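Residues per chain, in single letters:
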Number of protein chains: 4
Amino acid sequence: MSVLQCFTHRITMSSPCDLTGLEALFDDGVLRPQEIVAVLGKTEGNGCVNDFSRGYAVTSLRAVLAARLGESPTATQHIPMVMSGGVEGCLSPHLLVFSVRQATVAAGPPALAIGVTGTRRFEPWEIGRAAQIEATAEAVRRAMHDARIAGADDVHLVQVKCPLLTQQKIAAALAQGRDTVTEETYVSMGFSRGASALGVALALGEVGAAQVTEATVCRDHSKWSARASVSAGNELDHCEIIVLGNSRAWAGPDRIAHAVMQDGIDVEALYRVLDTLGLDACRQVSAAARGRIRAVIAKAEASRSGRIRGARHIMWDDSDINPTRHARAMVGGVLAGILGSTELFVSGGAEHQGPEGGGPVAVIAARD
Amino acid sequence: MSVLQCFTHRITMSSPCDLTGLEALFDDGVLRPQEIVAVLGKTEGNGCVNDFSRGYAVTSLRAVLAARLGESPTATQHIPMVMSGGVEGCLSPHLLVFSVRQATVAAGPPALAIGVTGTRRFEPWEIGRAAQIEATAEAVRRAMHDARIAGADDVHLVQVKCPLLTQQKIAAALAQGRDTVTEETYVSMGFSRGASALGVALALGEVGAAQVTEATVCRDHSKWSARASVSAGNELDHCEIIVLGNSRAWAGPDRIAHAVMQDGIDVEALYRVLDTLGLDACRQVSAAARGRIRAVIAKAEASRSGRIRGARHIMWDDSDINPTRHARAMVGGVLAGILGSTELFVSGGAEHQGPEGGGPVAVIAARD
Amino acid sequence: MSVLQCFTHRITMSSPCDLTGLEALFDDGVLRPQEIVAVLGKTEGNGCVNDFSRGYAVTSLRAVLAARLGESPTATQHIPMVMSGGVEGCLSPHLLVFSVRQATVAAGPPALAIGVTGTRRFEPWEIGRAAQIEATAEAVRRAMHDARIAGADDVHLVQVKCPLLTQQKIAAALAQGRDTVTEETYVSMGFSRGASALGVALALGEVGAAQVTEATVCRDHSKWSARASVSAGNELDHCEIIVLGNSRAWAGPDRIAHAVMQDGIDVEALYRVLDTLGLDACRQVSAAARGRIRAVIAKAEASRSGRIRGARHIMWDDSDINPTRHARAMVGGVLAGILGSTELFVSGGAEHQGPEGGGPVAVIAARD
Amino acid sequence: MSVLQCFTHRITMSSPCDLTGLEALFDDGVLRPQEIVAVLGKTEGNGCVNDFSRGYAVTSLRAVLAARLGESPTATQHIPMVMSGGVEGCLSPHLLVFSVRQATVAAGPPALAIGVTGTRRFEPWEIGRAAQIEATAEAVRRAMHDARIAGADDVHLVQVKCPLLTQQKIAAALAQGRDTVTEETYVSMGFSRGASALGVALALGEVGAAQVTEATVCRDHSKWSARASVSAGNELDHCEIIVLGNSRAWAGPDRIAHAVMQDGIDVEALYRVLDTLGLDACRQVSAAARGRIRAVIAKAEASRSGRIRGARHIMWDDSDINPTRHARAMVGGVLAGILGSTELFVSGGAEHQGPEGGGPVAVIAARD
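A brief structural summary.

Criteria and thresholds
Residues numbered from 1 in each chain as written. Chains lettered and ligands numbered in written order. Predicted model: local features only at pLDDT ≥ 70, side-chain atom pairs only at ≥ 80, totals over all residues. Heavy atoms only, no water. Buried < 20%, exposed > 50% of the residue type's maximum accessible area, 1.4 Å probe, protein only. Helix = DSSP H or I, 4+ residues; strand = E, 2+ residues; numbered from the N terminus. Arc of directions from axis to C-beta. Contact = heavy atoms within 4.5 Å. Expected span 1.5 Å × (residues − 1). Pairing = 2+ DSSP bridges. Axes fitted to C-alpha atoms, helices over the stretch in contact; angles between N-to-C directions. Least-squares fit on C-alpha atoms with pLDDT ≥ 70 in both. Buried area = accessible area lost by both parts, 1.4 Å probe. Salt bridge = Lys/Arg side-chain N within 4 Å of Asp/Glu carboxyl O. Polar contact = N/O pair within 3.5 Å; in protein donor to acceptor, adjacent residues only side chain to side chain. Parallel < 35°, antiparallel > 145°, perpendicular 65-115°, else oblique. Left-handed = near helix turned anticlockwise from the far one by under 90°. Nonpolar A, V, L, I, M, F, W, Y, C, P; charged D, E, K, R; others polar. Phe/Tyr/Trp six-rings, centres within 6.5 Å; stacked < 30°, edge-to-face > 60°. Lys NZ or Arg CZ within 6 Å of the ring centre and 35° of its normal. Disulfide = S-S within 2.5 Å.

## Section: helix 1 (residues 20-28) of chain A
Residues and elements named next belong to chain A. Listed in full, the buried residues belonging to helix 1 are Leu22, Leu25 and Phe26. One face of helix 1 carries all of its buried residues, which in axial projection span an arc of 100 degrees. Exposed residues on helix 1 whose side chains face more than 90 degrees from its buried face are Thr20, Asp27 and Asp28. Buried residues belonging to helix 1 abut strand 1 (2-12), strand 2 (36-43), helix 2 (53-69) and strand 4 (94-104). Backbone geometry just after helix 1 places Gly29 at a positive phi near 80 degrees.

So, in structure tokens, the structure goes:
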């Protein structure tokens, strides 16, 4: 029977324009350029407004891919490349390249499935508002369908890259007599991530349409998705969406599971994901288990309460380091301690992605 | 029999000058001002050259203590107050106040013992050099003797606060025709910490006198102490030293143990310390075990190799956030994940304090 | 005839707790402790939320002053001490100590006059809102009256120190079912400065009461004071106010003048102030003129438009350095180039203090 | 007579990859792609080790230029593109594109002349040392000759882009048993800039060969070039060199002049340059004069003494913002105040480029 297989390639990077690892996979025949359907990457900028490491990595990636395909870089625009800036603390810059291949293999248990899509471009005044919520929800449903994922329960991660407001976009809106959701560029990243996450929650049935309005974004933190992971960047004007789940229509070597960290130090959530994947662990995972892990994707968030289990943190009061940078460093340490590995896709800003101060953690691993 | 008891009080802080928690202990009679022998504190500055949260906390502490004792702040100068700046990520600002009380209790197993002392003032050109190594070693030996700790094996932590070079001290040295170990103020913090740690290693017999010279400091990373924890600050010109160990001459409720993290994500070291203290844990420690933990003291270090278990980190290449800040955030996350608690005394800059990129971790806990 | 004289002492600082310069003035008899009525200071923190250099300097100042006066530090609470953090670029940390003395001298032309006062404490939900505007306006009128300044035209600077919202204050408000003007601590500094400045504008008749409402704050930038200079800090809960002007009821050696910089590089405003004071200059001021200048007080602001004279700046798009830090460095350079001096009280955040992107500049100089 | 003409195009940028301004010049026929000989640019990164805005801009520039020329990006490698990161304070991101055209015009007074060249690649252990000094001096002499500049007196600016040490280069050197000039990546930028500047000084006869050795670099600050302007970046392994001067062999519309700022606030140096160019000014330059100015290139440096004209600055004691960032903001403000313009190529790190704490300032302007 002809089925689809999704492969996850984790590739180390020595700078935002270093693609020698990717080129080596091409050269070795492990990966064919035309099989790539989506790329996630942790790059070494500040992860905030003026993080050009993201755009630089995408530009470099599209140039390499185009050269391999014998096409122009713009011909690769349908492949989402979601770069998340910020590798604070122990985190290590890397790419997660997802490829899909047709194969003739026996039917088996549910395997990793992927669907990718994008929304339309948003005007500056739509960012962080209802238009973004709705367009995102619609796109997620479309991606699930394309990926032949049976139901929302089989979705374990929806990765979204969304736009932010720059000073220029805000000025452009004002010039047209429109107001924007905020006039602070850094703050706009939170609104955009929040609206995207609520769109995911809507599509997955985690919240009802009646429960979510524009006023919910970044205000009512009781509404959230357990499977949304959203990054904002200044290098795009629309949302790019990658849905990951398990499906019997797929037959690759891996599967995915997720859980929700209730706060930034909730290691029990990670252990539950490992249990689900048959990677049982006490203390740090064994080398054998570590060898089966393909990718770890998690959200980090500085709790708005200013507290973690009652104890004060200063992430929101530090005017030298942005709270998302603190939060990624924290969660990176928490996860790396258990996993014994630092190539973790931990992205900041978990508005409506898990409970306030917490966030989803998903692991892709080879089946035992 | 009349014996000594050492008590460890962990007190939360809402700012560097917030001592309401300490005042409450005084008011409740839990702690008597005249019993305080040493204070450690994590304060919320950047932990680097221009971190005034440390001096502010010490000034505030001495004022409160002096008022309680009916003396002038300078009359409290014999009490070392080692503030370590930097509570990145999940870390929480707090004080560890050590008090000693004479008691008539039955002799028991070895209990937490403490000895405190200081070195002479160092000239700018002595900082980070042989004079600092030697004076520190001599002071550590003196503190061990005072604390009636039988041997070096019974010492589990030597906390040192040491000076750094400011632009003014460097200029003063130049004006006297003397050169300093470095002309970079931030870099001087590493040299000063390194010289102090080698002094501790010498005193504890972890390295031989023949093995350590001035040229060892921040160059030969194979020489280190498993029990030194050193912070540098711009608020003092000498070293303050606190030796913590276990001794049969003491009879307080707690004891201390330590282990060495081989790198920043080595959670097995922490689990070994917990095992030693009878706080056995798999995954996150239980609430019962957490309730018995009085203090956690650890060092954090960004490995100079630029790698952790082979994977690249960017802590030394980030010109926006100093590597010590990244490292504290990382180790804070690693330890907090296991302990379920964020009031951890994690200090940065582990030169010669454990192996390159790693560092000691010590826990004080109530006996079972 | 017995008249009042106001003296301005500019004192260099080597750290936030360095008061050797002040002590020397006391020792030399140049300044008597009981004559001090107000202190302004530039301290070397980040000038943002977690800048403890301000509180540290005030604590140190009150301790020194109390010791000289033989009183407790709290007995000096009536003396406003307005520390403005942030000495970016060439700026130099220093104090401006204002003292008042009764003298029997001949009546002369208008001389520097000073009035000081404070508002009541504000609740967290009042910060940045109407209550703060009104209380500030009332206090400014009171200070003008106390200073015997004839009319609003004779006022050349109103320095205000106002509170900000910390994460704890925001949480306290929420706990009482009240919302705050913002939930971002850094953003709250702008609202608090803006409300204070509008209060000054109201008191000086620069805007009418009908023109200013709560909604004006940080939204309608066409309403501003040409003479307000406001700093926010986490070390107080009310506003401290210092009014400086010229008055025939005073007979000290100095007078004050001001002008408004239309943008951050408007040096012509400074030249106009120098002209008014008889310190005519072309290019850099002469050493003789420089010797007559006692104090320079200016506001710095990153224009919200993201442009200066049509050219883009990145002050609002930089997530590593806050815009107020960029702005102080810019205006510090602009003024220091003309004045040939770097002990300038340039404070950031000029919301409603001059036109958008600009701000007042005032100079106190000896009469020729 | 057929002579050469050099044109200077100043182009604003809205991001490191924004080349719409350059494209417009191409489209308008003002500039032909094949005429471009060198590009200088101020980009909006941190100007330090992990500033990817520089490499991103160069990659984007080469892609645009290659597309226009119908070649591959690597075919543009002979065109030096010197990006200097950091537009702190009022500075505005922009490109300075130099083009050369053959023309048949009457001989006239000396006009702007340009010569461009590069050195060989340097090994990690050569950076900041004698090999770099010598190779740079040799390249500068070659560029002068190529530019038909009669003598060293006619050279007014030598712009150099040089490499720095990353953690990876340092590790590579160690792996080959070689040591590097420093093991701090940020510190290496200073050594590399210093060695380059000394190479320029040697080529221009500002210092004698006997006076300059490896030990001079970043140690003996009495040796310097009045015309070197050097930036370090992580995107190249060799030095790129652009020599600018005046020559009778050229007949373009502009000429260049320079002077040396003795410290960061020495505006008189700028006024002298303006005088030389017939752009006489008192206070801020007139709009007419401003219209004639094509480019302003200056170096900024935080004085190592920690003082400017006796007053303390904190640029070297601030662990949150690197001193080069402070210094650019300062000098940007100083120059912008006089010039009324913020598109200024102010680059940081003036080691051996002018006296300690000062640096060269050069202006290219249309002849009157």
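## A look at helix 8 (residues 323-339) of chain D
Residue and element names in this part refer to chain D. In this model, helix 8 (17 residues) spans 24 Å end to end at C-alpha, consistent with the 24 Å of a helix rising 1.5 Å per residue. In terms of burial, helix 8 is largely enclosed, as 17 of its 17 residues are buried. Looking one or two residues past helix 8, Gly340 carries a phi angle of roughly 65 degrees, positive in sign.

## Here's the deal with the sheet that holds strand 4 (residues 94-104) of chain C
Residue and element names in this part refer to chain C. With mixed pairing, four strands are arranged side by side in an open sheet as 1-4-2-3. Either end of the sheet is taken by a strand with one partner, and the two such strands are strand 1 (2-12) and strand 3 (81-85). The sheet shows a mean angle of 15 degrees between the axes of neighbouring strands, direction not considered. In this sheet, strand 3 lies alongside strand 2 (residues 36-43) in parallel orientation, the contact comprising five bridges.

## Side note on the relation of the copies chain A and chain B
It takes a turn of 180 degrees to lay chain A on chain B, together with a shift of 0.0 Å along the axis; the resulting RMSD is 0.0 Å. In symmetry terms, the pair is related by a two-fold rotation axis. In this assembly the copies share their binding face: 100% of the residues contributing to the interface of chain A also contribute to that of chain B.

## Description of the relation of the copies chain D and chain B
Laying chain D over chain B is done by rotating through 180 degrees and shifting 0.0 Å along the axis; what remains is an RMSD of 0.0 Å. A shared interface surface links the copies, since 100% of the contact residues of chain D are contact residues in chain B too.

## Overview of the interface of chain A and chain B
The interface is formed by 43 residues belonging to chain A together with 43 residues belonging to chain B. Taken together, both faces of the contact between chain A and chain B bury some 3300 Å²; the carbon and sulfur share is 54%. The interface formed by chain A and chain B contains six salt bridges. A salt bridge links Arg312(A) to Glu44(B); its shortest N-O distance comes to 2.6 Å. Our enumeration of links across chain A and chain B arrives at 22 residue pairs in polar contact (both at pLDDT 80 or more). Of all elements in the fold, only helix 6 (267-276), strand 12 (311-312) and helix 8 (323-339) of chain A reach the threshold of two or more residues within the side of chain A that touches chain B. With nine residues, the top contributor of residues to the side of chain A that touches chain B is helix 8 of chain A.

## Some details on the interface of chain D and chain B
Taken together, the contact between chain D and chain B spans 23 residues of the former and 23 residues of the latter. Interface area, chain D with chain B, both sides summed: about 1900 Å², of which 35% is carbon and sulfur. Among the residues of chain D in contact with chain B, Gln167(D), Asp317(D) and Ser319(D) are the three that bury the most area, contributing 30% of the side total. In this structure, the salt-bridge partner of Glu184(B) is Arg304(D), at a minimum N-O distance of 3.3 Å. Taken together, the connections running from chain D to chain B amount to 16 residue pairs in polar contact (both at pLDDT 80 or more).

## Brief notes about the packing of helix 1 (residues 20-27) of chain C against helix 2 (residues 53-69) of chain C
Residue and element names in this part refer to chain C. Where helix 1 meets helix 2, the axes come as close as 11 Å, and the angle between the chain directions of the two elements is 20 degrees. Classified by the angle between their axes, helix 1 and helix 2 sit roughly parallel to one another. The handedness of the crossing between helix 1 and helix 2 comes out as right-handed. Of the residues in helix 2, those in contact with Leu22, Glu23, Phe26 and Asp27 of helix 1 are Leu61, Val64, Leu65 and Arg68. When grouped by side-chain class, the residues that make up the contact of helix 1 with helix 2 number five nonpolar, no polar and three charged.

## Let's talk about the sheet that holds strand 7 (residues 228-233) of chain C
Residues and elements named next belong to chain C. Reading across the sheet, the four strands line up as 5-8-6-7 and stay open at both edges, with mixed pairing between neighbours. In this open sheet, the two strands that pair with only one neighbour each are strand 5 (111-121) and strand 7. Between one strand and the next, the sheet's axes are offset by a mean angle of 15 degrees, whatever the strand orientation. Pairing of strand 6 (residues 155-163) with strand 7 involves six bridges; the strand directions are parallel. Paired with Val158 across the two strands is Ala228, which belongs to strand 7.

## Examining the packing of aromatic side chains
Within this structure, the stated rule accounts for two aromatic pairs over all chains. The residue whose ring lies beneath Arg101(B) is Phe7(B), and the NZ or CZ to ring-centre distance is 5.5 Å.

## Observations concerning the state of the cysteines
Covalent bonding between the sulfur atoms of two cysteines defines a disulfide. Under the counting rule described, the total for this entry stands at two disulfides over all chains. Each disulfide pairs two cysteine sulfurs, and for Cys282(A) the partner residue is Cys282(B), the sulfurs being separated by 2.2 Å. Of the two residues, Cys282(A) sits in the loop between helix 6 and helix 7 (287-292) while Cys282(B) sits in the loop between helix 6 (267-276) and helix 7 (287-292), which places them in two different chains. Accessibility expressed as a relative area gives 37% for Cys282(B), which makes it partly exposed. Looking at the unpaired Cys48(D), the closest cysteine sulfur is the one in Cys162(D), lying at 13 Å.

## Observations regarding the pattern of salt bridges
Scanning the model with the defined rule gives 94 salt bridges over all chains in all. Between Asp237(D) and Lys169(D) there is a salt bridge, and its shortest N-O distance comes to 2.8 Å. Here Asp237(D), found in the loop between strand 7 (228-233) and strand 8 (238-247), pairs with Lys169(D), found in helix 4 (residues 167-175); they are 68 residues apart in sequence, far enough to count as distant. One network of salt bridges, in which partners are shared, links Glu88(A), Arg325(A), Arg328(A), Asp318(B) and Asp320(C).

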